[in-house]
Every structure is written in structure tokens, then in C-alpha cells.
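Inside the fold
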Amino acid sequence: MAEKKKLNLKREPIPRQDPHLRAHNFDEVALGYSVDQAKREADRCLGCKKPRCVAGCPVEVDIPGFIGRIQEGDFIGGARVIKETNSLPAICGRVCPQEDQCEKLCILAKKGAAVAIGRLERFVADYEAQHQAVEIPPRAPSTGKKVAVVGAGPAGLTVAGDLAKLGHGVTIFEALHEPGGVLIYGIPEFRLPKVIVKREVDYITSLGVELKLSFVVGQTQTVDEFLNSGYDAVFLGNGAGLPYFMNIPGENYNGVYSANEFLTRSNLMKAFQFPEYDTPIKMGRRVAVVGGGNVAMDSLRTALRLGAEKVTCVYRRSRAEMPAREEEIENAEEEGIEFKLLTNPISIQGNEQGWVKGMECVRMELGSPDESGRRRPVPIKGSEFVMDVDQVIVAIGQGANPLVAATTSGLETNKWGYIVADPLTGVTSKEGVYAGGDIVTGAATVILAMGAGRNTARAIDVYLRGKRSA
Amino acid sequence: MERNGHGPLNEIVLMRSLSPEIKLYKVKSPLIAKKRKAGQFVVVRLDERGERIPLTIADSDPQGGTITLVVQEVGATTKRMGMLREGDKLWDVVGPLGKPTEIENFGRVVCVGGGVGNAVVYPIAQAMKAAGNRVISIIGARTKDLLVLEEENRAVSDELFVTTDDGSYGRHGFVTDELAKVLQDGPRVDLVVAIGPAIMMKAVCDLTKNYHIPTVVSLNSIMVDATGMCGACRVEVGGKTKFVCVDGPEFDGHQVDFDLLMARLRMYLPEEQQAMEVLEQKAEAR
């Protein structure tokens, strides 16, 4: 019956803050659907019998199921459907790359625009919270088993929530002074308001999960100590985190930040409110951000909001190869960010006091495809030029943080320092120790970390149920 | 949610002035007290809006569950820390962070401390002594009032020399003057450990380089997360970028680019000044 519905190939636009206004504030850019808009968008869904979209979701959300509830006007019911498989819908609705996952596979995408699954997910999650309808799901009776979760980011929160629902005792150990991981220190307020992260963390703790902050696993205590002191299993979700630099001359001049440092100062430490908050942040007038991913977009748009006059994205390939979400690139363009594509830095120049005063770059062209399948950028001889900048933010990715692996006996890592773990179960080389998220895959997305967390929670549950009580 | 996930409350159980700008704190932090080794540090935050500052652990009492911090009041945060009282609590204490000092029986070890560095070098001298080394300590300060932990350092050293820049106590001059004498006149020194202001560590390294004596320094760069995530603390060692928080804080002093370190330490001087002015205005308004 649903199949006979007339196809509506145009998606309902989402209201956004005006670019001129939002370039100067940290408020959320996308404002979210109203009830009417959500219903109109939901009505476009054909409710396919064999939904392709679900296969594109790392946590297998029942997408036609929750959209069907929206069509019926049961918005809270829609949120509950999502929460059966995804504990953090308000976050995923905002930061998932839906265009590469569920929406990419939507049948409507063949002829027009895919159903805006992410925006609808966000809508029901926000609706549920605004109507104070968030319910604490029933917990299975206590199993008496204890699990230590390392890192309160997307992977850790997901594992913790799932295991708590299954009746296991869960404690999360977080190195920073706030829970959320990259959701707190990395993704800026204008893309993911922190009250939403707090709401989702509160939901996880309401399931009975204990949260210990300012606890650096590998330093304060080790994984082996956990296993020897009553924990039956340990999940490592400590994230990537060691920022890469370009290894070019001048990279340690004052005024060169890693994106991690720049964003942490602004997001976690609230340096944009210095001196009301203690942590300062240096703001250049002409800022270059090197890189083309989501972290680069976040850095560019943060620099703009902190008052930089000119903010330029420097990326060595072309726009088509940029790993950032299309929506975020468009947002950045609308806000007035300049893009210097096919451009690669070769050195950073400093003044006598050791401050950045320019960045020498070379123009690039695309050659034959490399191992990633993307065309390899090749420098054009003689095309060197100097960019007039006084601040450089390096957003070219990050490596594995060694603190946990280096202090855990019998834990295998690969040549880049990432923990070797089965992608489906999180099983590592050490019994009782599981891993998932960026510390296994290298820097990836929130939802992939959550997907890994979800699968691993199942495997840990099976392991714990098979394990005899000590 | 447990704010201080590793222990009760971070209470200051003892606080005492060692000099007009240096205070000693004993802070309740049982897990860190048990775990910490010489050379490691903690990150401290004073309140919800506080910055994260690294402070070296000077000593610990695993039974009593306390760590000892010796803090020079150089900026707004350390000044405000100095206004706390016994019984007050630090908002966050994170650690122990960084790699411990490599302690073994090297033979003759000279421990050089400058200013508040005398508190940092003390646990290292203590551990070196316990490992069977002959420990010669050289501790210095600008003036007599600023000299800290003289007795503590003396107790763990076979020989102790004191210098003050103004000659108000001990030998008139810099720690490097005394070190030059030890290196020139005494038997062969196997290792020098130097901890203090960057300029002092640089001078020590310039000197020991001539004698080809391995020299370990502990760097005090600016940090944010202090777990390897941000790179604020990066320095160049042997031409390579290193993170003080996870690769250090101790490095081969002969490989460290001290000029770069000093430039990076000056990065936030205007903001530090501004924070001090805000603090003074608040103090006046009270």
C-alpha cells in the first residue's frame, strides 16, 4: 500500500541560523524541524518492506519503524524505537554522516533527495527530551559482574549503557574532567550543544552506570590492576588522540596549534570566555587551518567565531576528495570561510620572537590514484607562494594514544599503535579485554565508534555469562 | 558522577609557606600517593572555571594517602591556590602523569635545583641515593628567602652546596658556578640531573656538554590535557617534536632546544598579566 504513494522527491529544508549572524556566535546552526516540518518530511518515507537504509546504519536503527511513528504523530514512540538500538539519538541525529550511511541507501535517493533520516532522528530525540518523556528502560536483574570501561566518549558510553541494561555493573573511567570525549572537547557547541551531550550522559548514568572522572587509565591505575581487583572485563574506548603534525619546518612556532588543542581550549576549557574562565586562547587575525575533514571544518568555523578576520582552509586535494561532511563544508562556505584547495604547506615562517608570520605553500595537482583510491596530489614545481597568516591550526588527523596499550601486559597493537581487536566483537589478544572506537580503527566517526561499542557489548555479555563467578 | 574519580576529595591537609612566594601543600589523594614515582606530576584545577596546570609531585605518603606539592606563585592560578586554606579542596587532581625518572646506580650523580626546582629535584635525589648513588646536590635561589627544601635535600645527599644569586646565603653566584667547580675539581661525575627555570637548565647543559656528562632535565612546558591529546606542551628534542606530558617530562638535556621551550613558555604572557590584573581587582574589591 505504502508503495503506491506518490513520490515526493524534495526534502523539507531545515531552518538554520542566518550565516551572517551565526558566524559571530556559538549557538547551534541547524535549528531543527518543527512538528509540521517533521511530519511533512516523514511522509516522504515509503516504509519499504525491505528497507535498504537500515543496512547502512552501524547500529541498525529501525528507521522505517521510527519514521512510521512520526507519520502517526507518535513522536515519543519514534524516539523509543530508536533507543532500542541507539542510546544517543540526539547526538547521532546531529553529527552522523547520514549522507554516507542510511540516507545514501534510501530508495528515494535514486531519483531525488533521500529522506532526511538524521534530521528526523534529531527531531524525535529532542521532542522526547523537551516533553520530559525520557524513560529509564528496565534493567535486567543484576548479574553480579563488573565491567570497567575506559573513556567516556561515544564508544564507551554505548558499551556502558548496553551492559548496564543487561544487568552488569559498569564503571566508566574518564581521563578528562568532563564526560563525553570528542563530543565535549572536539565537536563545537554550534554543531552539538553541550546540554545535549550532558542529557545523553545523564541518561547513561540513570541506567546505573558509575562515572569516575579525572582518572587516567594506564597512569592512575592499569588495566591489569582492574582485572586483578574484581573487574570481570575491561572495555578500551580511549580514542585516538595523539595529534599529527606535518613535520615541516617552523611547526613549533607560537601560533601553531593542533586542532585538538585549539578545539579543547575553546570547547572543554571555554577559553572563548577568558578571563571569566582561566584558560586563554590565542586568536590570530589571519588564520589558516590545514586539512579537509570535519575537525578542520570545526576549527575553521571556531576561529571565525572567535573573531579572526580571515579564515582559510588549506587542503592538498580538491573539494571532491574532502573527507568532511558536505553539509559542514557548505556551512563553512556560507559563513565566509575561504578555501585554498590543491595547496600544501611546506614551511611555517616565524618572526624574531618565535611567532608565526607566514606559511609557505605549494600548489598541487591530482595524479594517479593512491592506495586510498583517491587521486594522489603532486606538487607543481615552481608554484610556491607565501600565505600571509599569523596563526596555523593543523587538522590532519591523529594517531593512537599509547598510555593504555603501553601499560597493559599481553595487549597486541598494530604498527601504528592501534589496539588489534576483532571488528565484530571487540575481542583483543588479552582475555577479558575488549576494544572499540578510534583506538582500534584510527580516527573515524561517532557512529562507527558507537556501532563498535554496541557489537562489543553483546560479546562482553556473552563472555560474562559464560564466566563462572569467582 | 564522581568528580575526582580516584579518591576522596583532594583535601589540603597541610599547607605551609616555604618562602614568600613558595608554598608546600599536602593533598589527600590516596591512589596517586600509592602509585607515583619520582619525576612524575599531577594536573590540578582549582574550580569549575579553572585552567589545568601541571605540578610536579615532590613527595608522597602512601600510608597516609597524601601527595606533596611545592608551588611557586607565578601566575593567577598559583596565586589563588596560595589563598586556599587547610581543609579546602582542590577541584581536580589528575595523575600521576608523565614517565618516572630512570633510577639506577649510575655512580656519582649531581642533582642541580634552581628555585622551586629544588622541590622537584628532591624526590629524584632521594631515589638516586636509595639506589646506591653518591649524590651531590647543588641547590640555588635568587636570594636566601626563596631557598626551599634545603634540609630535605641535605638529608638525601652526600654533599650539598647552596648558591644564591645575590650572595645572601651560601655561595654568591649561580648553581652553574658551583657545578663547574665540582666538575673541574672532583672525581668523574656519571650523571647530572638539572631542574629549574629553563634558562638555568640550558646553562647547566651548556656546561656539562663540554665534559660529555649525560644530563637529564625536567621540562615545565604549558599543558592542557596532559595525557598526549593536545600537543600544547611540545618541544624539540634532537630535532624531533616530543610531547612533554607523555614522552617526558624528563629528557636528555643536550638534545633539548631550550630557546624554543623558552619562546613557547612566553606564549601567553599578556593573558597571564591580564589574569593577574583581574585577580588583583577582585582582591581590592573585597
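Residues numbered from 1 in each chain as written. Chains lettered and ligands numbered in written order. Predicted model: local features only at pLDDT ≥ 70, side-chain atom pairs only at ≥ 80, totals over all residues. Heavy atoms only, no water.

Comments concerning the overall build of chain A
To keep things clear, this is the line we draw: Working definition: helices are DSSP H or I runs of at least four residues, strands are E runs of at least two. Numbering for both runs from the N terminus. Just to be clear, the radius of gyration here is over C-alpha atoms, and the globule rule we use is 2.2 Å times residues to the power 0.38. Throughout this description, buried means an accessible area under 20% of the type-specific maximum (1.4 Å probe, protein chains only), exposed means over 50%, and partly exposed covers the range between. Contacts are assigned to residue pairs that have any heavy atoms within 4.5 Å of one another. In this description, accessible areas are obtained by the Shrake-Rupley approach with a 1.4 Å probe, and a residue is regarded as covered only by the protein chains that are shown. A residue counts as positive if it is Lys or Arg and as negative if it is Asp or Glu; His and the chain ends are not included. Positions of charges follow a simple convention, taking NZ of Lys, CZ of Arg, CG of Asp or CD of Glu.
If you tally the helices and strands in chain A, you get 17 helices and 16 strands. Taking 2.2 N^0.38 as the reference for a compact globule, 470 residues should give roughly 23 Å; the C-alpha atoms of chain A span a radius of gyration of 23 Å, in line with that estimate. Taking the principal axes of its C-alpha atoms as reference, chain A extends roughly 65 × 60 × 50 Å. Among the 470 residues that make up chain A, the fraction classed as buried is 60%. When contacts within chain A are restricted to residue pairs at least 6 apart in sequence, those whose partners lie at least 24 apart make up 70%. When the accessible surface of chain A is totalled, it reaches about 18800 Å², and 52% of it is carbon and sulfur. Of note, chain A has its 57 positive side-chain charges centred 4 Å away from the centre of its 58 negative side-chain charges.

Focus: unusual backbone geometry
In the segment running from G95(B) into P96(B), the intervening peptide bond is cis, with an omega of -5 degrees. Residue placement: P96(B) occurs in strand β6 (residues 92–97). Of the consecutive residues G248(B) and P249(B), the connecting peptide bond is found in the cis state with omega at 15 degrees. Looking at the secondary structure, you find P249(B) in the loop between α7 (244–247) and β15 (250–252). Despite not being glycine, K270(A) has its phi angle at roughly 55 degrees, a positive value. With a phi close to 55 degrees, H212(B) is a non-glycine residue in the positive phi region. With respect to the helices and strands, the residue H212(B) is situated in the loop between α6 (198–211) and β12 (215–218). Take H212(B): its relative accessible area is 64%, and that puts it in the exposed class.

Regarding the side chain of E250(B)
Residue and element names in this part refer to chain B. Stated formally: In what follows, salt bridge is the name for a side-chain nitrogen of Lys or Arg lying within 4 Å of a carboxyl oxygen of Asp or Glu. Between N or O atoms, a polar contact is any pair within 3.5 Å; within protein, one atom must be a potential hydrogen donor and the other a potential acceptor, and residues adjacent in sequence are included only when both atoms are from side chains.
With respect to the helices and strands, the residue E250 is situated in strand β15. For E250, which is buried and forms no salt bridge, the nearest opposite charge comes from R36, at a distance of 9.7 Å. Polar side-chain contacts of E250 include one of 2.8 Å to the side chain of T101. Beyond its immediate chain neighbours, meaning those up to four positions away, E250 contacts G39, T101, E102, I124, V216, V217 and S218.

Brief notes about the interface of chain B and chain A
Where interface size is quoted, it is often the accessible area lost as the parts come together. Rules: Each of two parts loses accessible area, computed with a 1.4 Å probe, when they are put together; buried area is these two losses added. For this scheme, ten residues count as nonpolar: Ala, Val, Leu, Ile, Met, Phe, Trp, Tyr, Cys and Pro. Four count as charged, namely Asp, Glu, Lys and Arg, and the remainder, Gly too, count as polar.
Listed as interface residues are 48 residues of chain B and, on the opposing side, 47 residues of chain A. Together, the buried faces of chain B and chain A total about 4100 Å²; carbon and sulfur atoms form 56% of this surface. Across the contact surface, chain B and chain A share three salt bridges. Inspection of the region where chain B meets chain A yields 22 residue pairs in polar contact (both at pLDDT 80 or more). Contributions of two or more residues to the side of chain B that touches chain A are made by α1 (30–35), α2 (76–82), β6, β13 (234–237), β14 (240–243), α8 (258–265) and α9 (269–285) of chain B. By residue number, the principal contributor to the side of chain B that touches chain A is β6(B), which donates six residues. For the side of chain B that touches chain A, the per-class residue count stands at 20 nonpolar, 13 polar and 15 charged.

Remarks on the pattern of salt bridges
Side chains carrying opposite charge are able to pair once their charged atoms draw close together. Residues and elements named next belong to chain A. Applying the stated criterion across every chain, the model contains 49 salt bridges over all chains. Here E333 makes a salt bridge to R319, at a shortest N to O gap of 3.0 Å. One end of the pair, E333, is in helix α15 (residues 326–335); the other, R319, is in the loop between β8 (310–314) and α15, and 14 residues separate them in sequence. Within the structure, one salt-bridge network assembled from shared partners comprises R22, R191, D298, R301, R305, E328, E334 and E335.

Description of helix α9 (residues 154–165) of chain A
Residues and elements named next belong to chain A. For the record, the criterion: To estimate the expected span of a helix, subtract one from its residue number and multiply by 1.5 Å.
Over its 12 residues, α9 extends 17 Å from the first C-alpha to the last, a length consistent with the 16 Å expected when each residue adds 1.5 Å. Judged by how many residues are buried, α9 sits mostly within the fold: 12 of 12 residues are covered. Every buried residue belonging to α9 is among P154, A155, G156, L157, T158, V159, A160, G161, D162, L163, A164 and K165, and all of these are buried. Positive phi shows up at G167, right after α9, with a value of about 100 degrees.

Focus on the confidence of the model for chain B
The predicted structure's coordinates, where accompanied by low pLDDT, should not be read in detail. Which entries qualify depends on this criterion: pLDDT runs from 0 to 100 and stands for how confident the predictor is about each residue.
A residue-level look at chain B finds 97% of positions with pLDDT of 70 or above and a mean pLDDT of 93. Here the predicted complex scores 0.93 on pTM and 0.93 on ipTM.

Focus: the environment of V197(A)
All names here are of chain A. Relative to the helices and strands, V197 resides in helix α11 (residues 194–206). In sequence terms V197 and L9 are 188 residues apart; their C-alpha atoms lie 33 Å from each other. Setting aside its immediate chain neighbours within four residues, V197 contacts I91, P179, G180, L183, I184 and L192.

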